[in-house]
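Tertiary structure, described
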Amino acid sequence: MLKTPAFQPTIQKKRHAFMGRFLLLIAAYFFAGRLGLLIPYVNPNVSLLWLPAGIAVAGLMRYGNRMLFATYIGSVVLELSAGFSIPIALTMSLGNTLGPLLCTLILRHLKFNRHFIRRKDVVWFTLASMAGMMVSATGGSLTLWRYGLIQEISPVWMTWWAGDVVGTLLIAPLLLSVSLQSLALLHNRGKEALAFIAILCAINWSIFLMPEYQLQLTFVAVAAIVWPALRFGVTGASLTALASSIFAAWATSTGRGPFTSPDLHGNLLILWVYMTTMAILALLITALQAESAKAAQEVKEAFERINKVASRLPGLVMQYRIRPDRSACIPYASDAILSIFEVSQEQVAHDALFLFKRVDQRDMENGKNAIREATRTQSAWQSEFRFHRLDGSVRWLYIDGLPEPEPDGAMLWHCFVTDITDRKNAERDLRIAAFTFESQEGIFVTDAQWHLLRVNHAFTLITGFDGKELLHQKLQHYYTQQQNDHFYDAVLNSLKQHQFWQGELWNKRKNGEIYPQMITLTAISDSQGEVTNYIGSFTDISRHKGYEAEIRNLAFYDPLTQLPNRRLLMDRLQHLISRSSRSDTHSAILFIDLDNFKTLNDTRGHDAGDILLVETASRLQTCMRESDTVARLGGDEFVVVLEELSTSRDEAIQQTDRIAEKIRQLLSLPYQIMDFEHHGSSSIGVCLFQGNDITVKDLFKRADTAMYEAKTSGRNAVRFFDPAMQAVLVVRMMLESNLRLALANNQFELYYQVQVNSDGNLIGAEALLRWIHPDRGFISPADFIPLAEETGLIIPIGLWVLETACAQLKQWENNEDTRHLSLAVNVSAKQFKQADFVDTFSEIVSRHDIDPTRLKIELTESTVLDNVDATTEKMHELKKLGISFSMDDFGTGYSSLAYLQRLPLNQLKIDQSFVRDLSDDENDATIVRAIISLGTNLGLNVIAEGVETSAQRSFLIEHNCYAFQGYLFSKPVPMDGFLKLLKRPELLK
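This report concerns the structure included in the present document. If you're wondering where the values come from, they're calculated on a predicted model, not measured in any experiment. (Residues numbered from 1 in each chain as written. Predicted model: local features only at pLDDT ≥ 70, side-chain atom pairs only at ≥ 80, totals over all residues. Heavy atoms only, no water.)

**Structural notes on the packing of aromatic side chains**
Rules: Pairing of aromatic rings covers Phe, Tyr and Trp, the last counted by its six-membered ring, and requires centre-to-centre distances within 6.5 Å; plane angles under 30 degrees mean stacked, over 60 mean edge-to-face, and any other angle means tilted. Numbering goes from the N terminus for both helices and strands, where a helix is a DSSP run of H or I of at least four residues and a strand is a run of E of at least two. Relative accessibility thresholds used throughout: buried, under 20% of the residue-type maximum; exposed, over 50%; partly exposed, between the two (1.4 Å probe, protein chains only). Note on geometry: a ring has a charge over it if NZ (lysine) or CZ (arginine) is within 6 Å of the ring centre and within 35 degrees of the ring normal.
Counted under the stated rule, the structure contains 28 aromatic pairs. When the centroid spacing of 6.5 Å and the interplanar angle of 90 degrees are considered together, the rings of Phe-591 and Phe-700 count as edge-to-face. Linking Phe-591 in strand S13 (residues 587–594) with Phe-700 in helix H23 (residues 696–712), this pair joins segments that are 109 residues apart in sequence. Comparing Phe-591 with Phe-700 shows no difference in burial state: the two are buried. Site record: aromatic cluster; members linked through ring pairs are Tyr-320, Phe-356, Trp-381 and Trp-413. Above the face of the Phe-832 ring, Lys-874 is positioned so that its terminal group lies 5.7 Å from the ring centre.

**Re a nonpolar patch on the surface**
Rule in force here: Think of a patch as exposed residues, more than 30% relative accessible area, with no salt bridge, where like charges cluster within 9 Å and nonpolar side chains (Val, Leu, Ile, Met, Phe, Trp, Tyr) cluster within 5 Å. The method behind every accessible area is Shrake-Rupley, applied with a 1.4 Å probe, and residues are considered shielded solely by the protein chains displayed. One speaks of a salt bridge when a side-chain nitrogen belonging to Lys or Arg is within 4 Å of a carboxyl oxygen belonging to Asp or Glu.
A grouping of Leu-94, Leu-98, Leu-102 and Val-135 is seen on the molecular surface, where their side chains present a nonpolar patch of about 290 Å² in accessible area. Per-element tally for the nonpolar patch: the top contributor is helix H4 (residues 86–109), with 3 residues. Looking at the element boundaries, Leu-102 is found in helix H4.

**Some points on unusual backbone geometry**
Phi at Phe-116 is positive, roughly 50 degrees, even though this residue is not glycine. With respect to the secondary-structure elements, Phe-116 resides in the loop between H4 and helix H5 (119–146). Look at Phe-116 and you get buried, because its relative accessible area is 0%. The phi torsion at Asn-716 lies on the positive side, around 50 degrees, for a residue other than glycine. By relative accessible area, Asn-716 is classed as partly exposed at 31%.

**So, the sheet that holds strand S3 (residues 316–322)**
What counts is decided by this rule: For two strands to count as paired, DSSP must find a minimum of two bridges between them. Axes, fitted as lines to C-alpha atoms, cover a helix only where it is in contact. Angles between the N-to-C directions of the axes lie from 0 to 180 degrees.
The antiparallel open sheet is built from 5 strands, whose spatial order is S4-S3-S7-S6-S5. Pairing within the sheet leaves two strands with one partner each, and these edge strands are strand S4 (328–333) and strand S5 (381–388). Between one strand and the next, the sheet's axes are offset by a mean angle of 30 degrees, whatever the strand orientation. With 7 bridges connecting them, S3 and strand S7 (residues 411–419) associate as antiparallel partners. Looking at S7, one finds that Ile-322 is bridged to Met-411.

**Examining the environment of Thr-168**
We apply this condition: Should any heavy atoms of two residues lie within 4.5 Å, those residues are considered in contact. Contacts described as polar in this section are N or O atom pairs within 3.5 Å, which, within protein, must combine one atom able to donate a hydrogen with one able to accept it, while residues neighboring in sequence count only if both atoms come from side chains.
If you trace the backbone, Thr-168 turns up in helix H6 (residues 153–177). The exposure class of Thr-168 is buried, given its relative accessible area of 0%. If sequence neighbours within four positions are ignored, Thr-168 has contacts with Trp-50, Ala-53, Gly-54, Val-57, Phe-125, Ser-129, Met-133 and Pro-173. Side-chain polar atoms of Thr-168 contact the backbone oxygen of Asp-164, separated by 2.7 Å.

**Things to note about helix H17 (residues 485–498)**
Using the following cut-off: Expected span of a helix: the number of residues minus one, times 1.5 Å. Starting at the helix axis, one direction is taken to each C-beta atom, and the arc is that of these directions.
With 14 residues, H17 should reach 20 Å at 1.5 Å per residue; the first-to-last C-alpha distance of 20 Å fits that figure. Listed as buried for H17 are Tyr-488, Val-491, Ser-494 and Leu-495. Buried residues of H17 fall within an arc of 115 degrees about the axis and therefore sit on the same side. Exposed residues lying more than 90 degrees from the buried face of H17 are His-486, Lys-496 and Gln-497. In this structure Asn-484 caps H17, since a side-chain oxygen of it lies 3.2 Å from the backbone nitrogen of His-486. Positive phi appears at Gln-499, one or two residues downstream of H17, with a value of about 60 degrees.

Purely spatial values, then, with no claim about function.
Below is the structure:
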């Protein structure tokens, strides 16, 4: 075969390498032989330690039969150097070459491993060495005998054979095992190697060179072979065995050591056994170690394979050991333990009971029972349980274990644990899906061409069709004016684009009835995006449609009168204002309030009031045009909206006035309510508007202002909105705003009007509220008291009056001149009707620690008679504290003598309207005499207010009224002025 230039360097390198090995083998053979000849036995040319035989075996094993010629040349050169003739050297070298060749052929046949990784490699190597060296021993001894160099063949043959065998066992393994890796191991453990060499030298010196040596010490050298065999492998063990053997052979040949004795054959045998033992032991230990390492590696690889397989399994493979003392551990677990139990295998290798603390308590008892039964029957342990993870979530786990009893009484379970949460969720979802499919909604499933595949029971109940009747039939469309082809095309497009459509459909039942349904359609696609099925779910919304109408009616109409309510009215007004911008016509809004409606409700009950409201609504509708709107805002308030009035403002006002007056007269007619006839009236406020220059809110304000003006004028009237009314309202709003700040800013003050007796002595005073505004100055009580009543501010103001009056009364008690005085305080009806008035009043009196008998509460007739029973109860409770009561403005209301007798009053106060014209009006004089007589007969004190003249005072004294209050004595004054009056009592007479 022709070689290309590219291959020439490679071939040259191989030739050089071969020649190097060839010459190296010859040199090694020669020098090893010369070393062996230094230790002669039997014959000067026969050694018991013949290393060249091992060198020849190692060369043939490593580099092949090409080294036979190198072995032969080395042997010839060695024999010639030993003094043998050429024929003898050539003949003996033939045996020295064939013996290693036979040994090598045997080892190759047996597939010997030169690294001695198996014990059988040691056995084969030993036997092959013994067999092969028989050839070299036979050839050598016969040659020596043939040429008359020895007399007896047997001793020489035996020594020759033993020397070749030992030399092979000692040097061949070393040469076969040496490599860069083995040398690197020796280098890496250099310090350890040096330490061992020192120890080895000491051992051999102790055995072979000490004057008094003992044969037993040789076992120390044999034992020492274990260290290098375990730590340095074949190379280290072979070196150790070789060194010890050379030392022993040399010592024995020089007559030293435990193997020296007169019996030469005995010495040779013991030495040979020693060296052979050292060599074989070194090889056996390394082989055992290699087998152990291999077994460990195989176990490790098997474990890793199992672990890899286990890690790929969808679960945890583990062993669970329950000890006789009921403790437990997990000696083995795959990597999945970290994801399933959130612990490492090391954490549970000795104690795993803590994991049970995270098992859901609901599953503990069933789990314990399952493992007890499995232990008793030695059968599989299978259980499902919930496991709480560290983040608080719960996972479902399934365990399947097989038992294996252990000699110490423990039970080892081989378990497989899987997370079945997804399966559990899927089962739950299937149950829900199954339940949902049989829910109250009608559900159907079709294929991609809308052929029916399955329906639920609700489908049959709603439509009347059995699923079997429609099975594999195409669903039919029901057509109406709205549900046409375009409509269904839009549905299909939505399903195609969004896989979903929801809306209302009209459909037909089996009996022909048309009904509305709310339906949801969903398209189901496969992995390629092709639609495979459609799912529809629907409900019969016939009843809901009725509910919608009812809800709309409730949302936009008054349930009592069926008139439009505030919401619908506001919408219509907004629409009307928007349209007015495109029209020249006027419109008007009439705000109607029924007069004294509350009185009817309170005296006759709410049923009577409801009848009146219904009748009012009916009357209003009779006088309206179709374009007009009648609405009820709530309570007794109605609104009428007039549209399309004249384009002329004056004519529109006249039109509106005629309609408003007609309404007023119509609502003034008697009402037949149950078993009585009711006469009512109404107050009507009117606001005219045109265009969109006004908002709905302002429109209502103006109409309400006009209605309020109608109320103020005496009720049963019609009033049109006037800007002056709005100005009054603005002033009223400002007054209300200032009134809310007045209490916080301490703008109120109590004035005191003296009360005197017939002798002119001061007996007390009435506390009167005054408002001193920082900008407007003094504001009359007639202006702000009614406003405070309307807004509810009278309650906190009244509390301030009580607090201030009690504080003043306490000051009077601490003064000798004022200790005897009483103080009257007015309490409004709203304040007195508060549920906690008695408790609040009692707390104030107690906190100020006053004499309650000096405090007098003045109540008006309307306050007292509005709810006589409740009022009487409160008055009695306050009476127990010592509080006295005076009925203010007596005679101006609808006084009832029966009620007057029940009330725990102390005093009647004659209203100033009767006292003012006492001298000129006989009727007033008669009323005053009657009030005084009534009070005297009932055992009540009588006091007259508004006394301004001496004639009035004289008349009152003449008719047995001895207490007075008025400008004749003093006008209401602040506390400073009141104290001046105390200092000058003559001013009161």
